[in-house]
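Fold and geometry: a report
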Amino acid sequence: MNVLLLGSGGRESAISWKIAQSSILDTLYIAPGNAGTKAWGKNVTLNPLDFDAVKKFVLENRIDMVIVGPEEPLVLGISDFFKSDSALKNVALIGPSKHGAQLEGSKSFAKEFMMRHKIPTARYGSFTVETLREGIDFMSSLKPPYVLKADGLAAGKGVIILDDLNEAKETFTRILLDETFGEAGKTVVIEQFLKGIELSVFVVTDGISFKLLPEAKDYKRIGEQDQGENTGGMGAVSPVTFADAGFMDKVLNQVVIPTVKGIHKESIDYKGFIFFGLINVKGDPFVIEYNCRMGDPETEVVIPRIKSDLLDLLEGISTQTLSERDVQFSDLSAATVMMVSGGYPRAYEKGKTIYGLNAVTDSLVFHAGTCSDGPQVKTDGGRVLAVTSFGRNIEQALQRSYESLEKISFEKAYYRKDIGQDLI
Ligand code: AMP
Ligand code: GLY
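The shown structure was predicted, so the numbers you read here are calculated from the model rather than taken from an experiment. (Residues numbered from 1 in each chain as written. Chains lettered and ligands numbered in written order. Predicted model: local features only at pLDDT ≥ 70, side-chain atom pairs only at ≥ 80, totals over all residues. Heavy atoms only, no water.)

**Some remarks on the nonpolar core**
Which entries qualify depends on this criterion: Buried residues of nine kinds, namely Ala, Val, Leu, Ile, Met, Phe, Trp, Tyr and Cys, make up a nonpolar core once their side-chain atoms join them within 4.5 Å. Between buried and exposed lies partly exposed: a residue is buried under 20% and exposed over 50% of the maximum accessible area for its type, with that area taken using a 1.4 Å probe on protein chains only. Secondary structure elements are defined from DSSP: runs of H or I of at least 4 residues count as helices, runs of E of at least 2 residues count as strands, and each element is numbered from the N terminus. In this description, contact between two residues means that some pair of their heavy atoms is separated by no more than 4.5 Å.
Core analysis: the biggest nonpolar cluster contains 116 residues, and Leu 4, Val 66 and Phe 82 have the highest contact counts within it. With seven residues, helix α9 (residues 245-265) is the single largest residue contributor to this core. Setting aside residues no more than four positions away along its own chain, Leu 4 makes contact with Tyr 29, Ala 31, Leu 46, Val 54, Phe 57, Val 58, Ile 63, Met 65, Val 66 and Ile 67. Counting residues in each nonpolar core, the second largest holds 15 residues, with Ile 136, Phe 172, Val 188 and Ile 190 among its members.

Take a look at the structure:
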């Protein structure tokens with residue numbers, strides 16, 4: 001099978017590492033990839049949002065399957081583009097239709113979906129400039145803190161949590177009147193604040209059945225003890241200790257099964273990953289968000305814990321035979337720690353030479369924001385490397401990652417030293 005993977009981050013590095021091990025793979029291409037993905041396949045200079053260019057490449061290189069890593073091509077309708085093109089419609093595409101991707105692309109769509117299928121989530125209201133007044137009244141009826149969400153994709157910056165009611169009202173008004181989030185903020189969701197501990201749950205689905213993948217916990221804040229600004233994610237661990245059998249049973253019955261059934265019932269074309277951003281409120285799961293893709297850096301711990309052939313599983317998705325496929329997981333724990341550029345998530349410099357990559361022997365180093373410069377590897381993004389290790393438990397996995405991180409260096413490198421500590 002010839003496979004084209006779209007994307008260039010740590011998530012795509014982990015997916016390409018895994019796909020490269022498949023017994024049914026012929027050639028793996030990654031577009032555009034990074035300095036690390038070159039070890040597992042061929043990098044291709046191609047913009048995943050340029051669907052015509054993707055089409056040309058797919059046809060010229062006899063691609064059998066396209067795996068979409070990030071959400072943007074999905075929200076823009078790459079799956080529909082493939083289905084409506086006579087030359088492409090038989091190429092398998094892993095990722096939901098534009099309709100299905102709305103679960104991530106529109107917070108109000110996701111909320112309404114959850115209401116229809118009685119999936120536990122925070123109480124909410126959805127407002128536009130025309131209903132600004134009602135929004136302010138709704139906010140006043142809630143207890144602080146106040147959660148405001150831009151409806152559309154906002155590169156992880158669309159959620160604002162404020163303690164002060166007046167400040168929340170002002171911010172809400174500004175988003176709607178000044179269009180601070182552009183198109184994404186034309187609708188704003190106001191939500192009840194849920195207090196609890198978050199985790200990420202993943203499934204693959206062919207639209208009918210599903211397979212649960214290992215769960216993970218992500219560490220979003222830049223600073224230790226979860227202080228400071230939000231990032232794309234600074235590290236992750238899997239499994240999650242509090243996600244015991246009783247809790248996961250609730251997740252399955254109250255969240256996952258109703259979601260997959262809902263997708264089927266509403267005839268939403270969905271062949272891909274569903275990422276459930278959950279919060280555990282006193283032992284009960286609530287959905288904070290859906291994503292239509294895998295998480296990053298969660299993928300860097302989830303994928304390594306899958307023992308079976310990932311490509312076989314994905315083939316099961318595309319042929320709607322997922323229920324016949326077998327998926328096995330490792331009993332080992334996995335941890336990943338992100339090494340980022342100094343300054344991230346604000347402004348940072350690129351082009352720093354990375355040293356010591358070859359000295360790492362006990363961890364998997366998944367490149368995120370890197371590029372090649374002759375024989376050298378240079379930094380090319382905020383999140384630069386995800387260093388993943390296995391262990392008997394999370395503690396041991398983390399220790400291995402931290403030992404490996406000490407061998408790697410680049411100017412102004414930073415990483416959190418407390419990933420997973422809250423679970424140990
Ligand atoms: P989202 O982009 O929807 O995942 O939101 C980003 C982050 O905001 C989440 O990871 C949570 O930490 C926080 N958040 C979102 N919604 C709520 C809520 N209703 N209650 C508490 N925290 C929330
Ligand atoms: N790590 C969170 C995300 O991928 O959205």
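Here the narrative resumes, following the displayed structure.
**Description of helix α11 (residues 310-318)**
This is how it is decided: Two N or O atoms form a polar contact when they lie within 3.5 Å of each other; inside protein one atom must be a possible hydrogen donor and the other a possible acceptor, and for residues adjacent in sequence the pair counts only when both atoms belong to side chains.
When α11 is considered as a whole, its buried residues turn out to be Leu 310, Leu 311, Leu 313, Leu 314, Gly 316 and Ile 317. Two or three places before Leu 311, at the start of α11, stands the capping residue Asp 309, its side-chain oxygen 2.9 Å from that residue's backbone nitrogen. Gln 320 lies just past α11 and shows a positive phi near 55°.

**Regarding the sheet that holds strand β1 (residues 2-7)**
Selection criterion: Following DSSP output, two strands are said to pair if at least two bridges run between them.
The five strands are arranged β3-β2-β1-β4-β5 in an open sheet whose pairing can be described as parallel. Two strands bound the open sheet, and with one partner strand each, they are β3 (42-43) and β5 (92-94). Alignment of β1 against strand β2 (residues 27-32), held across six bridges, turns out to be parallel. Considered in β2, the bridge of Leu 4 is made with Tyr 29.

**Some points on the site of ligand 2**
Put simply, the rule reads: Residues are counted as near a molecule or strand when any one of their heavy atoms sits within 4 Å of it. Reported accessibility uses the Shrake-Rupley method at a 1.4 Å probe radius. Residues are deemed covered only where the shown protein chains occlude them. Think of it as three bins: nonpolar holds Ala, Val, Leu, Ile, Met, Phe, Trp, Tyr, Cys and Pro, charged holds Asp, Glu, Lys and Arg, and polar takes everything else, Gly as well.
Around ligand 2, the surrounding shell consists of Asp 218, Gly 232, Phe 275, Arg 293, Gly 295, Asp 296, Pro 297 and Glu 298. One of the backbone nitrogen or oxygen atoms of Gly 232 is found 3.3 Å away from a nitrogen atom of ligand 2. A distance of 2.9 Å is found between a nitrogen atom of ligand 2 and a backbone nitrogen or oxygen belonging to Asp 296. Within the complex, the protein chains bury 88% of what would otherwise be the 200 Å² of accessible surface of ligand 2. Its residues assigned to classes, the shell around ligand 2 comprises two nonpolar, two polar and four charged.

**Re the site of ligand 1**
The immediate surroundings of ligand 1 are formed by 14 residues, with Glu 191, Gln 192, Leu 194, Glu 198 and Glu 289 found nearest. Here Gln 192 contributes a backbone N or O atom positioned 3.0 Å from a nitrogen atom of ligand 1. Between an oxygen atom of ligand 1 and a side-chain N or O atom of Glu 198, the distance comes to 2.4 Å. Where the shell around ligand 1 is concerned, the elements lending two or more residues are β7 (146-150), β8 (159-162) and β17 (284-291).

**Some points on the environment of Gly 10**
Structurally, Gly 10 can be placed in helix α1 (residues 10-19). Since its relative accessible area comes to 0%, Gly 10 is described here as buried. Along the chain, Gly 10 and Phe 366 lie 356 residues apart, while their C-alpha atoms are 5.6 Å from each other. Beyond its immediate sequence surroundings of up to four residues, Gly 10 is in contact with Asp 296, Glu 300, Phe 366, His 367 and Ala 368.

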